[in-house]
Amino acid sequence: MSGAETIDKMSKQVAVITLGCSKNLVDSERLMRMLSDVGYSVSDAASEKFLSSDGLKIVVINTCGFIGDAKEESINEILSWCRLRSEGKIQGLYVMGCLSQRYSELLPVEIPEVDKWYGKTDWSAMLKDLAHRSPGSAPYDRVITTPRHHAYLKIAEGCDRFCSFCAIPLITGRYRSRPIEEIVDEVKLLVSRGVVEFNVIAQDLTSYGKDIYGRVEIARLVDEIAGIDGVKWIRLHYAYPKGFPMDLLDVMASRPNVCKYIDIALQHVSDRVLENMRRHITGKETRELIAEMRRRVPGIHIRTTLMVGFPGEGDSEFSELLDFVKEQRFERMGAFAYCEEEDTYGALNFSDSVSQDVKNERLDRLMMLQESISNEIQEKKVGKTLRVIIDREEPEFYVGRSEFDSPEVDPEVLVAKTIPLEKGMFYNVKIISALPFELMAEVVVDSDI
C-alpha cells in the first residue's frame, strides 16, 4: 500500500457498535472486514481518539430488537449518536440490525437524523452507499473483536419454530443453514489466525442442515469441526428441546475437544404453559431429554433459560417450575419475565394477564433458588483439577474459564499469580475456594495439559 493510499484509508474511519447477542457480533465482524476491504479504517468502539481524529468519521450501529429492553437500549444509543452527529463530531450515522429490519418503515420517519437504515444483513446496499465497490475477501471472513484465541461461529440464520412469545422469526425469517464446507473453511481460516476455542451459535442449533440436506446434520458438522487440527474447544449454544438430535450427544461424549456443555432454552415445564408457548414438548418429555443428556454425557453442564409470567402461568404452574429447578439442579440458568411482543402469536391470541409485580416476584424467587443451587455446585468443585484457558490478566490474578464456562455469561476461574501464564493458553489448575460467580484456583505445575 502506498503512502497516499495509507493516508486515504486512515482518513476514512468507521466505528461499528454492536448491541444484543453474539449472533449480532458475528454480523458486525463480517461487516468490519468488508469495510476494511473497501478502504476504511475500522474499529468496534467509538473512542475519544476516534471522535477527535481528523478525516471522515462514520458510525454504524448494529441494533437488537428482541425484547422491549433491547429495543429501548438500541433507540437510546441511536439518539445519543444523533446528537453527536448534529454537533459535527461524526459525519455519518448508519443503522442496521434486528430493530431496523423489523421497523424499517417507522424508524426513518421517527428519527430522520440517521443517514440511512438497513436490514439485518444488507451488506451490499451499505457497501454500495459507502464505497461504491465490492469487497474482495471471502463472505465468511471477518475482523475478530473477541480475544484472539476464541470466536463465535454462526452456523445458521433465522428460525422455523415460531414460539408464541418470540419475534425472532418475524425479524430474521425462515431457517437458513450454512453449508458444512463453508463453515469448515471458516474454522480453518480462524485457526490459522490463532483461534483455538469456537462457540457455535444459531437461533436453533438442533435444526441445522434440515433445509439444505433434508435432515438434521449438527452432529456431523460438530464432528467435522472437532477433527480440524488446532481446534481445542467447541462449545454449543442455543439448542431446542423438541426433536433434539441424540447423535450430537454421542459426538460430545467421544470427542475430547467438544466441551461437555450445552445451552438449551427450556422456557418452562408446565404442560399448560408449554402448550401456550407453542413449544411442542411436554414436561415429561423435557425431563426425559435432560436425563438422557446426563446419561450419555457424564459431567455435562446444562445451561438453560426459563420464563415466568407467560399467559397460563398461575400459582400452581409456577410452583411446578420451582420444583423442576430444585429437581434438575441446572449448572447454569438464566430467567426473564414475559414481555409481550407485537405481532407474535402470544400477543395476538392471549391476554398478558399476569401483573408485572407478580412477574417480578416470581422472577426473584426463581433466581434466588438458582443462586443457592449454583453456590452448592460451585462448592463441589473445590479440590478438583480443571483445565482452563486464560482470557486476560488482572493486577492480582489471571482470569480463565473451564470447558463449562462460556465467555461473558458463565463463572470465571481466578488463578493465583504464582507463575507467569499466557493469554490463550491452557493450564491445569486446582480449585481452592468457591464464590457465587468465580472459582479461585492455583496452577498445578507438574501436570500435563
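Bear in mind the structure is a predicted one, so any value in this text is a computation, not a measurement.

Student: How would you explain the confidence of the model for the protein chain if you had to name every residue and give the values?
Tutor: Residues of the protein chain with pLDDT of at least 70 account for 97%, and the chain-wide mean is 91. Contacts for the low-pLDDT stretch residues 1-10, under 50 throughout, to residues beyond four places or in other chains number seven contacts.

Student: Give me the sheet that holds strand 18 (residues 438-443): which residues, what numbers.
Tutor: The strand order 14-15-16-18-17 describes a closed barrel built from five strands, whose pairing is mixed. Neighbour to neighbour, the strand axes of the sheet diverge by 55° on average, direction disregarded. Examined bridge by bridge, strand 14 (residues 385-393) and strand 17 (residues 426-434) share five bridges and lie antiparallel to one another. Across the sheet, Arg387 pairs through a bridge with Asn428, a residue of strand 17.

Student: Give me the lowdown on the sheet that holds strand 4 (residues 92-97), citing residues and values where you can.
Tutor: Read across the open sheet, the five strands follow the order 2-1-3-4-5; overall the sheet is parallel. Taken across any chain shown, the strands that pair with only one partner, and hence form the sheet edges, are strand 2 (41-43) and strand 5 (116-117). Bridge count for strand 3 (residues 56-63) against strand 4 is six bridges, and the pairing is parallel. Counterpart to Val60 in the pairing with strand 4 is Tyr94. Its contacts with the sheet put helix 2 (residues 22-37) on strand 1 (12-18), strand 2, strand 3 and strand 4, and the angle it makes with strand 1 is roughly 175°. Here helix 7 (residues 123-130) sits on the sheet in contact with strand 3, strand 4 and strand 5, set at roughly 170° to strand 4.

Student: Could you give me a rundown of the side chain of Thr286, with the residues and numbers involved?
Tutor: Here Thr286 shows up in helix 14 (residues 283-296). Thr286 gets classed as buried once you look at its relative accessible area, which sits at 2%. Here Thr286 is in contact with Leu266, Leu274, Ile281 and Phe324, once residues within four sequence places are set aside.

Student: Could you give me a rundown of the pattern of salt bridges, with the residues and numbers involved?
Tutor: Using the criterion set out here, one finds 43 salt bridges in the structure. Across the salt bridge formed by Asp27 and Lys154, the nearest N and O atoms sit 2.7 Å from each other. With Asp27 in helix 2 and Lys154 in strand 6 (residues 150-154), the pair connects residues that are 127 residues apart, well separated along the chain. Grouping residues by exposure puts Asp27 and Lys154 together as buried. Notably, a salt bridge pairs Arg235 with Glu197, separated by 2.5 Å at the nearest N-O pair. Placement of Arg235 in strand 10 (residues 233-239) and of Glu197 in strand 9 (residues 197-201) is noted, with a sequence separation of 38 residues between them. In this structure, Arg235 and Glu197 share a single accessibility class: buried.

Student: I'd like a rundown of a negative patch on the surface, residues and numbers included.
Tutor: Where like charges cluster on the molecular surface, the negative patch consists of Asp271, Glu275, Glu285, Glu320 and Asp323. Among the elements of the structure, helix 13 (271-277) and helix 15 (315-328) are those that each provide at least two residues to the negative patch. Residue position: Glu320 is located in helix 15.

Student: Lay out the side chain of Gln328 in plain terms, naming residues and giving numbers.
Tutor: Inspection of the secondary structure puts Gln328 in helix 15. In this structure Gln328 comes out as buried when scored by relative accessible area, which is 12%. Excluding residues within four positions of it along the chain, Gln328 makes contact with Arg287, Ile290 and Arg294.

Student: A description of the packing of helix 11 (residues 218-226) against helix 12 (residues 246-254) should follow, citing residues and the corresponding values.
Tutor: Axes are the key here: two packed helices are described by the angle between their axes and the distance separating the axes. Where helix 11 contacts helix 12, the axes come no closer than 8 Å and their chain directions differ by 20°. As judged from the angle between their axes, helix 11 and helix 12 are roughly parallel. Taken as a pair, helix 11 and helix 12 cross one another with a handedness that is right-handed. Mapping the contact onto sequence places Ile218, Ala219, Val222 and Asp223 in helix 11 and Asp247, Leu248 and Val251 in helix 12. Considered class by class, the residues forming the contact of helix 11 with helix 12 number five nonpolar, no polar and two charged.

Thresholds, definitions, all that
- Residues numbered from 1 in each chain as written.
- Predicted model: local features only at pLDDT ≥ 70, side-chain atom pairs only at ≥ 80, totals over all residues.
- Heavy atoms only, no water.
- pLDDT = per-residue confidence, 0-100.
- Contact = heavy atoms within 4.5 Å.
- Pairing = 2+ DSSP bridges.
- Helix = DSSP H or I, 4+ residues; strand = E, 2+ residues; numbered from the N terminus.
- Axes fitted to C-alpha atoms, helices over the stretch in contact; angles between N-to-C directions.
- Buried < 20%, exposed > 50% of the residue type's maximum accessible area, 1.4 Å probe, protein only.
- Salt bridge = Lys/Arg side-chain N within 4 Å of Asp/Glu carboxyl O.
- Patch = residues over 30% accessible without salt bridge, like charges linked within 9 Å, V, L, I, M, F, W, Y side chains within 5 Å.
- Areas by Shrake-Rupley, 256 points an atom, 1.4 Å probe, with all protein chains shown as cover.
- Lys, Arg positive; Asp, Glu negative; His and termini not counted.
- Charge placed at Lys NZ, Arg CZ, Asp CG, Glu CD.
- Parallel < 35°, antiparallel > 145°, perpendicular 65-115°, else oblique.
- Left-handed = near helix turned anticlockwise from the far one by under 90°.
- Nonpolar A, V, L, I, M, F, W, Y, C, P; charged D, E, K, R; others polar.

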